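Structure at a glance
Listed below, chain by chain, are the residues.
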Amino acid sequence: MGAGRTKGRVGQVDVQGTVAAGWEPVRDAFLRNFEQRGERGAAVAVHRDGVKVVDLWAGSRDVDGTAPWTESTAQVIRSATKGVAAAVPLLLHQRGLLDLDAPVATYWPEFKAAGKDRVTVRQLLAHRAGVPVLDRPLTLAEAIDLPTATGAIAAQAPVWEPGTAHGYHAHTFSWLLSGLVHRVTGRTIGRWVAEEITGPLGLDLWIGLPDAEVHRVGRLGPVEEIDPPGGGALKLRPKRSVSEAYKDPDSLTRRAFGVIEPKPDENDPVYRAAELPGSAGVATARALARFYAATLGPVDGAERLFAQATLTLARTEESAGADRVLLVGTRFGLGHMLHGPASPLLGPSSFGHPGRGGSLGFADPESGIAFGYVTNGMRKTVTADPRAQALVRAVRSVVDLT
């Protein structure tokens, strides 16, 4: 299946990159996102069975600018970072360094405080630990200081009995995972990812952006909520209870998304340099897709990341149903979101993670698909952005035909 250079224009937008024969529907959907859904700057990449079949980019590198998005442009991917970070404990388990069913306190003794002594690693990864909030929000300086932030989460009392329910640990996932990984490996999670995953695979993806790469990263910003009439976009209108929860300062929902105060500026170099594996990763779409392709099998001569048993773990459901934070039905594996109505991926075997307001990365073992999408235009969506979903539908249409 040969890939060819492609170039198209929507208004003043040039679409560049490569599309393999038969994958033109993804290019067409990408074009329509600019024409009909208010896209400003974005990139999408797809691998199938380890082979890159789509690699496209277009628009401006800054949401509020005119400089073009180039082949090397990267963006903050928000919670899509979680999908990459979740590979770390899975790989540690694969190497015999981490027991998923051991109490977290086995590795991190301070974590047993305030009734968390029986919380297992499996529960922590599946958003069942009961600590999606902090009694006192952290400043940005505190949030990016590993001892301070992990000390705060270790001392925090759970807001439900651990293991009895699940709720999205939107930001506290950063410190839960960072604390665990540091105590198991002696390395920060950003360093571990760089040395064990992104370096060997040659990925333009960082948890903790190096100074040398700052020039490549565009500016994020809000974009207008536009969907084409009858365009088939996923319609997930928030229920009144969900909308009210985001407005209520005392709700778990509002508190979970507000554990860093004041709200950090995601365009701040200090924030981008922070090793926050739940929210502050920086990546290209190409890197996201290549990462997920490597979980499925070899890519360009590089060894696969996940053994078959680990791949089975990644796609196995650990939490499902009513989410105490997001207030919708969600499905989680061991750190990854799984395919479902609240976060549609490609199909039942898919695992990955969306980033609030846009970005998405996932793998689908049944079809051999690995997908990455990044954008600088942030919408109000949490788990199912219409632009990403339009691209996923296009991928599905090609897979169904082949």
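Before reading on, note that the structure itself is shown above.
As a starting point, this report considers the structure included with it. This structure is a prediction, so every number in the text was calculated from the model and none was measured.

Taken as a whole and judged by the stated rule, the model has two cavities of 30 Å³ or more. Taken as a whole, the largest cavity encloses approximately 50 Å³ of empty space. The class makeup of the residues in the lining of the largest cavity is five nonpolar, seven polar and two charged. Of the volumes computed, that of the second largest cavity is approximately 40 Å³. Those elements that place two or more of their residues in the lining of the second largest cavity are β4 (51-59) and α12 (285-296). For the lining of the second largest cavity, the element with the highest residue contribution is β4, accounting for three residues.

One pass over the structure, following the stated rule, counts eight aromatic pairs. Through a chain of ring-to-ring contacts, three or more aromatic side chains come together here, namely Y168, Y246, F257 and F332. For K116, the ring lying beneath its charged end belongs to F111, and the centroid distance is 4.9 Å. In this structure, R356 is placed above the aromatic ring of F257, and the distance from its NZ or CZ to the ring centre is 4.4 Å.

Below, the discussion takes up helix α7 (residues 172-185). For α7, spanning 14 residues, the distance from its first C-alpha to its last is 20 Å, which sits close to the expected 20 Å at 1.5 Å a residue. With respect to burial, α7 is a largely interior element, 10 of its 14 residues being buried. Residues T172, F173, S174, W175, L176, L177, S178, G179, L180 and V181 constitute the buried set of α7. The elements touched by buried residues of α7 are α2 (80-85), α3 (87-94), α4 (121-125), α5 (140-143), α6 (146-155) and α8 (189-201). Phi turns positive, to about 80 degrees, at G186, one or two residues after α7.

Moving on, we come to the nonpolar core. Counting 74 residues, the largest nonpolar core has W175, I197 and F306 as its most contacted members. Top contributing element to this core by residue count: α12, with nine residues. Each residue touching I197, except ones within four places of it in the same chain, is listed here: A87, V88, L91, W192, F291 and L305. Among the nonpolar cores identified, the runner-up in size contains 31 residues, and L31, L360, V398 and V399 belong to it.

In this section: unusual backbone geometry. The amide bond that connects E261 to the next residue, P262, takes the cis arrangement and shows omega of -5 degrees. Along the chain, P262 turns up in the loop between α10 (252-256) and α11 (269-273). With a phi angle near 50 degrees, R78 is a residue other than glycine that sits in the positive phi range. Counting through the fold element by element, R78 comes out in the loop between β5 (75-76) and α2. Classification of R78 by relative accessible area gives buried; the value is 16%.

Attention shifts here to the side chain of E39. With respect to the secondary-structure elements, E39 resides in the loop between α1 (24-36) and β3 (41-48). Of the polar contacts made by the side chain of E39, one reaches the side chain of Y373; its length is 2.6 Å. Only 2.9 Å separates the side chain of E39 from the side chain of R387, close enough to count as a polar contact.

Here we come to the environment of S72. Inspection of the secondary structure puts S72 in the loop between β4 and β5. Note: C-alpha distance between S72 and Q308 (236 residues apart in sequence) is 32 Å. Leaving out residues up to four positions away in the same chain, S72 has contacts with R216 and T284.

A word on α1. Between its first and last C-alpha atoms α1 spans 18 Å; for 13 residues at 1.5 Å apiece the expected length is 18 Å, and the two agree. Within α1, burial applies to V26, A29, F30, L31, N33 and F34. Positive phi appears at G38, one or two residues downstream of α1, with a value of about 75 degrees.

Turning next to the sheet that holds strand β8 (residues 282-283). For sheets, the rule is that strands pair by backbone hydrogen bonds, running either parallel or antiparallel. The antiparallel open sheet is built from three strands, whose spatial order is β5-β8-β6. Whereas interior strands pair on both sides, the edge strands pair on one side only; in this sheet they are β5 and β6 (205-206). Here β5 runs beside β8; their pairing, made up of two bridges, is antiparallel. Bridging from a neighbouring strand, Q75 pairs with A283 of β8.

Glancing now at the layout of surface pockets. In this structure, the second largest pocket occupies an estimated 160 Å³ of space. Around the second largest pocket, the lining residues are L91, Q94, R95, E196, P200, L201, A302, E303, R304 and L305. Mapped onto the lining of the second largest pocket, the elements with two or more residues apiece are α3 and α8. At three residues, α8 tops the list of elements feeding residues into the lining of the second largest pocket. When the residues that make up the lining of the second largest pocket are grouped by side-chain class, the tally is five nonpolar, one polar and four charged.

All chains considered together, the criterion is met by 23 salt bridges. Note that R95 and E196 form a salt bridge whose closest N and O atoms lie 3.3 Å from each other. A residue pair is termed long-range when its members are at least 10 positions apart, and R95 in the loop between α3 and α4 and E196 in helix α8 qualify at 101 residues. Its salt-bridge partner being R379, residue D385 comes within 3.9 Å of it at the nearest N-O pair. Assessed through its relative accessible area of 3%, D385 is described here as buried. Classification of R379 as buried rests on a relative accessible area of 5%. Shared partners join several salt bridges into a network, and the residues in it are R95, R187, R191, E195 and E196.

Criteria and cut-off values
- Residues numbered from 1 in each chain as written.
- Predicted model: local features only at pLDDT ≥ 70, side-chain atom pairs only at ≥ 80, totals over all residues.
- Heavy atoms only, no water.
- 1 Å grid on protein atoms, 1.4 Å probe; cavity = no way out; pocket = protein on both sides within 12 Å on 5 of 7 lines; lining within 4 Å.
- Points joined across faces, edges and corners; volume = space filled by probe spheres on them.
- Nonpolar A, V, L, I, M, F, W, Y, C, P; charged D, E, K, R; others polar.
- Helix = DSSP H or I, 4+ residues; strand = E, 2+ residues; numbered from the N terminus.
- Phe/Tyr/Trp six-rings, centres within 6.5 Å; stacked < 30°, edge-to-face > 60°.
- Lys NZ or Arg CZ within 6 Å of the ring centre and 35° of its normal.
- Expected span 1.5 Å × (residues − 1).
- Buried < 20%, exposed > 50% of the residue type's maximum accessible area, 1.4 Å probe, protein only.
- Contact = heavy atoms within 4.5 Å.
- Core = buried A, V, L, I, M, F, W, Y, C linked by side-chain atoms within 4.5 Å.
- Polar contact = N/O pair within 3.5 Å; in protein donor to acceptor, adjacent residues only side chain to side chain.
- Pairing = 2+ DSSP bridges.
- Salt bridge = Lys/Arg side-chain N within 4 Å of Asp/Glu carboxyl O.

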